[in-house]
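# Architecture and fold: a report
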Amino acid sequence: MSASTNFGSKPVVMITGGSGMLGRSIRWVVDEHDPERLAKYDWVFLSSKDGDLSDYTQTKQLFEMHKPTHVIHLAAMVGGLFKNLAANCDFYRVNTAINDNVLRCCHEFDVERCVSCLSTCIFPDKTTYPIDETMIHNGPPHDSNYGYAYAKRMIDVQNRAYNDQYGRKYTSVIPTNIYGPYDNFHLQDSHVVPGLIHKVHIANEKSEDLVCWGTGSPLRQFIFSRDLARLFIWVLEEYDEVTPIILSVPEEDEVSIKDVVHMVAEAADFKGKIVFDTTKSDGQFKKTANNAKLMKLVPGFNFTPIRDGIQQTVDWFTSNYDIART
């Protein structure tokens, strides 16, 4: 955790979930590439070791200790498909408690701005594409993780309620598929890019074939975590709406899983055979998101090309294998 030594003289940005991939990416952007923001605010990066945000008393103590003027809320109880299927009630109750405690304390401690992180899983299971910010509440989410999805949706409801009743300007963002350094690279409980990076690493070490599930045909939009970190800081300072905003690369940057597999293999200098196990399910073919709202507000934003982002992530994983979440 980064603790401020100068409370009172500068605004304080407190990041919940600050030890995860996105929290560390915000820290990297601020510490290494944004001296103006580093000097403008005191930055506090919280981890679960600092307190249990599902407990109101502990949450209140963190707000009393750090006195934030701004909050970036990333903390959540998360898990893969099977963990969600087995514990939808837990995912709903714990995440609802975390979100309610953070937003309640933001209000009680007169926090100026709170930006919470949602997920594309909140969108209706049956919908049209591309999805946009107006479609969040148009139907139930997918059955597999409805507990987590509804808890995340309720952040949007609470933000609107705090605005209607108290005039608070709390908001939320909806990123598409995030990848980057400090991701979760666990083979069974990770997302596409980090899981592939770990698989290729093992295949390289053992001189084995790289076996990928499915046909590789599904399409996805991937956003590099450090790009997302810069956009979070922009939202915190410039985005003045309560309604959520999708943070994503454009639709035309959508790529197939097969393309991603070959990019990861190239970045890791994998020379072996790539096998697609077509007996395994592909999952949903596409989840295309429309980033027109973002591009209208930040027309000059330059996204890291996915090939470059994957190379940076592979290099980080290889250099930091001993500390990576595997």
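Residues numbered from 1 in each chain as written. Predicted model: local features only at pLDDT ≥ 70, side-chain atom pairs only at ≥ 80, totals over all residues. Heavy atoms only, no water.

## A closer look at the overall build of the chain
Scanning the chain for helices and strands turns up 11 helices and 12 strands. Radius of gyration (C-alpha) of the chain: 20 Å, near the 20 Å computed for a compact globule of 326 residues. With the C-alpha coordinates aligned to their principal axes, the bounding extent of the chain is approximately 60 × 45 × 40 Å. Buried positions account for 49% of the 326 residues belonging to the chain. Contacts in the chain between residues at least 24 apart in sequence constitute 81% of all its contacts with a sequence separation of at least 6. (Helix = DSSP H or I, 4+ residues; strand = E, 2+ residues; numbered from the N terminus. Rg over C-alpha atoms; globule rule 2.2 N^0.38 Å. Buried < 20%, exposed > 50% of the residue type's maximum accessible area, 1.4 Å probe, protein only. Contact = heavy atoms within 4.5 Å.)

## Quick word on the nonpolar core
Core analysis: the largest hydrophobic core is formed by 31 residues, its most contacted members being Ile-26, Trp-43 and Phe-232. Only strand E1 (12–16), helix H1 (21–33), strand E2 (42–45), strand E4 (113–117), helix H8 (225–238) and strand E10 (245–247) provide two or more residues apiece to this core. With eight residues, the top contributor of residues to this core is H8. In terms of nonpolar packing, the next biggest core, distinct from the first, is built from 28 residues, Leu-62, Val-71, Tyr-170 and Ala-289 among them. (Core = buried A, V, L, I, M, F, W, Y, C linked by side-chain atoms within 4.5 Å.)

## Some words on the pattern of salt bridges
With the rule as written, the count across this model stands at 14 salt bridges. Close ionic contact of Glu-36 with Arg-37 constitutes a salt bridge, the shortest N to O distance being 3.5 Å. With a relative accessible area of 55%, Glu-36 lands in the exposed category. Judged by its relative accessible area of 17%, Arg-37 falls in the buried class. Within this structure, Asp-34, Glu-36, Arg-37, Lys-40 and Glu-237 form a network of salt bridges that share partners. (Salt bridge = Lys/Arg side-chain N within 4 Å of Asp/Glu carboxyl O.)

## What to know about unusual backbone geometry
The general pattern is negative phi for most residues beyond glycine and trans for most peptide bonds. With an omega of 5°, the peptide bond running from Tyr-129 to Pro-130 counts as cis. Here Pro-130 is to be found in the loop between E4 and helix H6 (146–166). Although it is not a glycine, Asp-269 adopts a positive phi angle of roughly 55°. Relative to the assigned elements, Asp-269 resides in the loop between helix H9 (257–267) and strand E12 (274–277). Owing to a relative accessible area of 48%, Asp-269 belongs among the partly exposed residues under this scheme.

## Focus on helix H5 (residues 88–108)
Helix length check: H5 (21 residues) gives 30 Å between terminal C-alpha atoms against 30 Å at 1.5 Å per residue, within 8%. The set of residues buried in H5 consists of Asn-88, Phe-91, Asn-95, Ile-98, Asn-99, Asn-101, Val-102, Leu-103, Cys-105 and Cys-106. At the C-terminal side of H5, Asp-110 shows a positive phi close to 55°. (Expected span 1.5 Å × (residues − 1).)

## Some details on the state of the cysteines
Following the criterion strictly, the structure yields zero disulfides and no others. Unpaired in terms of disulfides, Cys-106 finds its nearest cysteine sulfur in Cys-114, a separation of 3.9 Å. (Disulfide = S-S within 2.5 Å.)

## Comments concerning helix H3 (residues 56–66)
Where H3 is concerned, the buried positions are Thr-59, Leu-62, Phe-63 and His-66. Buried residues along H3 cover an arc of 95° about the axis, so they all sit on one side. One or two steps after H3, the chain reaches Lys-67, where phi turns positive at roughly 50°. (Arc of directions from axis to C-beta.)

## Observations concerning the sheet that holds strand E3 (residues 70–73)
Taken in spatial order, the six strands of this open sheet run E2-E1-E3-E4-E5-E10, and their pairing is parallel. Only two strands of the sheet have a single neighbouring strand rather than two, namely E2 and E10. Pairs of neighbouring strands in the sheet enclose a mean axial angle of 20°, with direction left out of account. In the sheet, E1 pairs with E2 via four bridges, with the strands oriented parallel. Paired with Val-12 across the strands is Asp-42, a residue of E2. Here H5 sits on the sheet and contacts E3, E4 and strand E5 (169–175); the angle it forms with E3, its principal contact strand, is near 170°. (Pairing = 2+ DSSP bridges. Axes fitted to C-alpha atoms, helices over the stretch in contact; angles between N-to-C directions.)

## Details of the packing of H1 against H8
It is at 8 Å that the axes of H1 and H8 come closest, and there the two elements cross at 75°. When the axes of H1 and H8 are compared, the pair comes out roughly perpendicular. Judged by residue contacts, Met-21, Leu-22, Ser-25, Ile-26, Trp-28, Val-29 and Val-30 of H1 engage Ser-225, Arg-226, Leu-228, Ala-229, Arg-230, Phe-232 and Ile-233 from H8. Class assignment of the residues belonging to the contact of H1 with H8 gives a composition of 10 nonpolar, two polar and two charged. (Parallel < 35°, antiparallel > 145°, perpendicular 65-115°, else oblique. Nonpolar A, V, L, I, M, F, W, Y, C, P; charged D, E, K, R; others polar.)

## Side note on the environment of Ile-310
With respect to the helices and strands, the residue Ile-310 is situated in helix H11 (residues 306–319). Sequence-wise, Ile-310 and Ile-197 are 113 residues apart; in three dimensions their C-alpha atoms are separated by 8.8 Å. Once residues lying within four places of it in the same chain are set aside, the contact partners of Ile-310 are Tyr-179, Val-260, Met-263, Val-264 and Ala-267.

## Here we look at the side chain of Ser-119
Here Ser-119 lies in the loop between E4 and H6. Using a relative accessible area of 18% as the deciding quantity, one classes Ser-119 as buried. Sequence-distant contacts of Ser-119, that is, excluding residues within four places in its chain, are made with Tyr-148 and Ile-174.

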